[in-house]
Structures are given as C-alpha cells and as structure tokens.
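Take a look at the letters that make up each chain.
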Amino acid sequence: MKKSENISEIAKALNEVRKNIKQPEKNANNPFFKSKYVMLEGVVDAIDKALPKGFAYTQEVTSDGNQISVSTFLMHESGQYIQFDPLNVPVGKNDAQAFGSAETYARRYTLSAVFGVTSDVDDDGNSATKSAPKEAPHKRRGAPKKSSKPMASQEDKDTLKDKIAALSKEMAMEPKPLTVASMKNAKVTSWKEMTKDDLNAMDHELTTELMEFRQKSAEKEAAATKTDGTESTDDLWDKLNV
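Since the model is a prediction, treat every value here as computed from it, not as a measurement. Here the residue numbers are simple positions, counted from 1 along each chain's written sequence. Totals for whole chains, interfaces and linings use all residues, but because this is a predicted model, local features are given only for residues with pLDDT of at least 70 and pairs of side-chain atoms are given and counted only at 80 or more. Think of the side-chain values as coming from all heavy atoms in the structure, minus any hydrogens and water.

Moving on to the environment of Tyr109. Secondary structure elements are defined from DSSP: runs of H or I of at least 4 residues count as helices, runs of E of at least 2 residues count as strands, and each element is numbered from the N terminus. Examined against the element boundaries, Tyr109 turns out to sit in helix 3 (residues 96-115). Contacts of Tyr109, omitting those with residues within four sequence positions, involve Leu87, His204, Glu205 and Thr208. Whether two residues are in contact is decided by their heavy atoms, any of which lying within 4.5 Å being enough.

What follows is the structure, encoded as structure tokens:
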C-alpha cells in the first residue's frame, strides 16, 4: 500500500462514510450458493451517497495473462491519498465475458472491503475462476483423491510464505495464526496438497485482512491526532461563539 505522509483527513472521511453509509439491498441471486448478493452498481451507489465533500475514489484495472488486477485509490482534496495493493483474480477462460466477470468481481470485492459494504458472495468470482457449481471447491471426503487442478509449486508456496511473514510483521502477530485463519477463510484444507486456486484464494484473504488492518490503523491514527491537544480552525471558531 502507498500513502501520503499524513492520512488523517482520509481517516476522518472514511469514518464519515462508515457512519453514513446505508447497506444496499442484496437484490441479485446466486444460484450456485443459493444466496443473494449486491451487484456492483448497488455497491457504488451506496458508497457515492455516503461520500463527504472533498473525498473521492477511483479504481485502476489491468490484466496480465489470465489474471485481472484491480487497484483502489482514495483521494482527499487536501492532497492526502491511499493507494491499496491490487487484488489479483485468476480468469479461467480466455474470453471477454470471463475477463469482464473477473473485473466486476474484483471491483466489488475491493470497494466492499475498503468502505465496509456487506455485499455477500456473488457469482462473478465463480464465473471468472470457473468454480464447480455443485460442490465446495476445497472439500474432500473419504480417501483423498488426486486433484485434476494445477498444483501450487514450491516456489509459489515460498512466495506466499514470504507474504505471510511480511504481513504478520506489519500486523504485529505470529505467522501461524495468520496462516491458519487465511486457510480457514479460503477453505484450504491442506498446505501440502495446495492447488493454484487454493493459493489464489489464500492470497485474496490475506490482501483483505491487510486492507482491513490498515484501515483500522488509519482510524486509530486519526483518533490519536484528534486527541493530541491540537484543535481545528472550526473548533476554535466554535469556542469564540461568534
């Protein structure tokens, strides 16, 4: 994540969004998970209506091979900014519909995580990664069967280990509980038998966890700034009663 030296105004703006945002209606159906979710348009509309003056966001979409990446930028009129690390979503089919589905999913997922929108699961990710519709992707029963999906290489796992180590250091926690939590949330049952889909799912969970941690840290920083004895111009004028 990249950010300006000071993000206190962005933290205040995010607090305003979280206080004012009205959770959108889950009006789209997911036939595979038999659940409802919020479409991208609903997420964007809910956020736009809650944005305070002088605060904006944008998203950048890039592709590399069979993968879509979406970066989210927060900008304040004071010049402060936050650029979140991109969320990478694998695309199972090399066609325009699959790439469009992956982009929609990634944009929804990142916006919901940054602004606290409870959008629930949706089918975009299923279509993008070509998930099996009638069975959980990582659930195994009985004797283990050899997966037909590409397995994660040792190099892939080492890269993920490095990311976990870096995140655990930044979040001031041990790597093991972070690994266990991300595996559980991503429904990954075995590190040894991890597929590339498993690895991507864990990477998504770790990215989301980091985004939420940094947002909470920004809120704490803003709260500390507010209580350090300094007063805003508006506060001083209010005390003058003029």
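The term nonpolar core refers to a set of buried residues drawn from Ala, Val, Leu, Ile, Met, Phe, Trp, Tyr and Cys, joined through side-chain atoms within 4.5 Å. Relative accessibility thresholds used throughout: buried, under 20% of the residue-type maximum; exposed, over 50%; partly exposed, between the two (1.4 Å probe, protein chains only). The biggest cluster of nonpolar side chains holds 24 residues, and the ones touching the most others in it are Ile21, Ile47, Phe55, Tyr57, Leu74, Leu111 and Phe115. Broken down by secondary-structure element, the contributors of at least two residues to this core are helix 1 (8-20), helix 2 (40-50), strand 4 (55-63) and helix 3. Among the elements that line this core, the one with the most residues is helix 2, at six residues. In terms of nonpolar packing, the next biggest core, distinct from the first, is built from 14 residues, Ile164, Leu178, Met183 and Ala186 among them.

Let's shift gears to the side chain of Thr179. Counting through the fold element by element, Thr179 comes out in helix 6 (residues 175-185). Within the structure, the side chain of Thr179 is placed 2.8 Å from the backbone oxygen of Pro175, a separation counted as a polar contact. Setting aside residues up to four positions removed in sequence, Thr179 forms contacts with Ile164, Trp191 and Met202. Polar contacts, as used here, are pairs of N or O atoms within 3.5 Å; protein pairs need one atom able to donate a hydrogen and one able to accept it. Residues neighboring in sequence count only if both atoms are side-chain atoms.

Fitting a line to C-alpha atoms yields each axis, with helices limited to the stretch in contact; the angle taken between N-to-C directions then spans 0 to 180 degrees. It is at 9 Å that the axes of helix 5 (residues 154-170) and helix 6 come closest, and there the two elements cross at 115°. In terms of crossing hand, the pair formed by helix 5 and helix 6 is right-handed. Residues Ile164, Leu167 and Ser168 of helix 5 form the contact with helix 6, whose own contacting residues are Pro175, Leu178 and Thr179. Residue composition of the contact of helix 5 with helix 6, grouped by class: four nonpolar, two polar and no charged. Should the near helix be turned anticlockwise from the far one by less than a right angle, the crossing is termed left-handed; should it be turned clockwise, right-handed. Ten residue types, Ala, Val, Leu, Ile, Met, Phe, Trp, Tyr, Cys and Pro, are classed as nonpolar, four, Asp, Glu, Lys and Arg, as charged, and the remainder, Gly among them, as polar.

By this rule, a helix spans an expected 1.5 Å times one less than how many residues it contains. With 17 residues, helix 5 extends 24 Å between its outermost C-alpha atoms, agreeing within 8% with the 24 Å of an ideal straight helix rising 1.5 Å per residue. Considered for burial, the residues of helix 5 that qualify are Lys157, Leu160, Ile164, Leu167 and Ser168. Buried residues of helix 5 fall within an arc of 95° about the axis and therefore sit on the same side. Opposite its buried face, helix 5 presents the exposed residues Glu155, Thr159, Asp162 and Lys169, each directed more than 90 degrees away. Two residues or fewer after helix 5 comes Ala172, characterised by a positive phi angle close to 55°. Here the arc refers to the directions that run from the helix axis out to each C-beta atom.

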